[in-house]
Amino acid sequence: QVKLVESGGGLVQPGGSLRLSCAHSGRTFGRFRMGWFRQAPGKEREFVAAASRIGGTTSYADSVKGRFTISRDNDNNMLYLQMTSLKPGDTAVYSCAIRRPITGLGLYYKASDYDYWGQGTQVTVSS
């Protein structure tokens, strides 16, 4: 069973920074593509960032490009999302996810493309 646990969320002022962490159980998570998604009040869950199996290739939503950085440490079963220049519009529950299939090329940007999810961590950007 794959378990994902996010941490690092909290209340931050606009322009501030937070680093989210996602700890994942199991073995050989370096074989899986992973991503971050968020869901704000009144909105559908949206793609934030994705990383290839070793983290060498990344992709970001236009809304966070240049401000957020996704990275992973496969040796320690960790996925990170470094968030800077935070805006009130970034307020949401952030969840990490694993795409189970290991075949195929490229990254994936739909929530339906992922199979395992954490409970999420709340990020609130407010003055």
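All values derive from a computational prediction rather than experimental measurement.

## Looking at the pattern of salt bridges
In step 1: With the rule as written, the count across this model stands at four salt bridges.
In step 2: Note that Arg 38 and Glu 46 form a salt bridge whose closest N and O atoms lie 2.8 Å from each other.
In step 3: With relative accessibility at 5%, the residue Arg 38 sits in the buried group.
In step 4: Residue Arg 67 pairs with Asp 90 through a salt bridge whose shortest N-O separation is 2.7 Å. Separated by 23 residues along the polypeptide, Arg 67 in the loop between β6 (58-60) and β7 (68-73) and Asp 90 in the loop between β8 (78-83) and β9 (92-99) bring together distant segments of the chain. Residues Arg 67 and Asp 90 agree in their burial class; the two are buried.

## A short note on the sheet that holds β8
In step 1: Spatially, the four strands line up as an open sheet ordered β1-β3-β8-β7, and their pairing is antiparallel. Looking at strand neighbours, the two that pair on one side only are β1 (4-7) and β7, the edges of this open sheet. Averaged over all pairs of adjacent strands, the angle between their axes in this sheet comes to 15 degrees, without regard to strand direction.
In step 2: Direction of pairing for strand β3 (residues 18-24) relative to β8: antiparallel, over a ladder of six bridges. Bridge assignment links Ala 23 to a residue of β8, and that residue is Met 78.

## What to know about the packing of aromatic side chains
The geometry of an aromatic ring pair is captured by two quantities: the separation of the ring centres and the angle between the planes.
In step 1: By the definition in use, this model includes five aromatic pairs.
In step 2: Seen from their ring centres, Phe 47 and Tyr 109 are 5.1 Å apart, and the 80 degrees between their planes marks the pair as edge-to-face. Here Phe 47 is found in strand β5 (residues 46-51), whereas its partner Tyr 109 is found in the loop between β9 and β10 (116-117), with 62 residues between them in sequence.
In step 3: Assessed through its relative accessible area of 12%, Phe 47 is described here as buried.
In step 4: Looking at Tyr 109, the relative accessible area reads 41%, which means it is partly exposed.
In step 5: Members of the aromatic cluster, joined through ring pairs, are Phe 37, Phe 47, Tyr 109, Tyr 114 and Trp 117.
In step 6: One residue, Arg 19, lies across the ring of Tyr 80, its end atom 3.9 Å from the ring centre.
In step 7: In this structure, Arg 99 is placed above the aromatic ring of Tyr 108, and the distance from its NZ or CZ to the ring centre is 3.7 Å.

## Looking at unusual backbone geometry
In step 1: Its identity is not glycine, yet Asn 77 carries a phi of approximately 55 degrees, on the positive side.
In step 2: Within the element layout of this structure, Asn 77 appears in the loop between β7 and β8.
In step 3: Although it is not a glycine, Ser 85 adopts a positive phi angle of roughly 50 degrees.

Rules and cut-offs
Residues numbered from 1 in each chain as written. Predicted model: local features only at pLDDT ≥ 70, side-chain atom pairs only at ≥ 80, totals over all residues. Heavy atoms only, no water. Salt bridge = Lys/Arg side-chain N within 4 Å of Asp/Glu carboxyl O. Buried < 20%, exposed > 50% of the residue type's maximum accessible area, 1.4 Å probe, protein only. Helix = DSSP H or I, 4+ residues; strand = E, 2+ residues; numbered from the N terminus. Pairing = 2+ DSSP bridges. Axes fitted to C-alpha atoms, helices over the stretch in contact; angles between N-to-C directions. Phe/Tyr/Trp six-rings, centres within 6.5 Å; stacked < 30°, edge-to-face > 60°. Lys NZ or Arg CZ within 6 Å of the ring centre and 35° of its normal.

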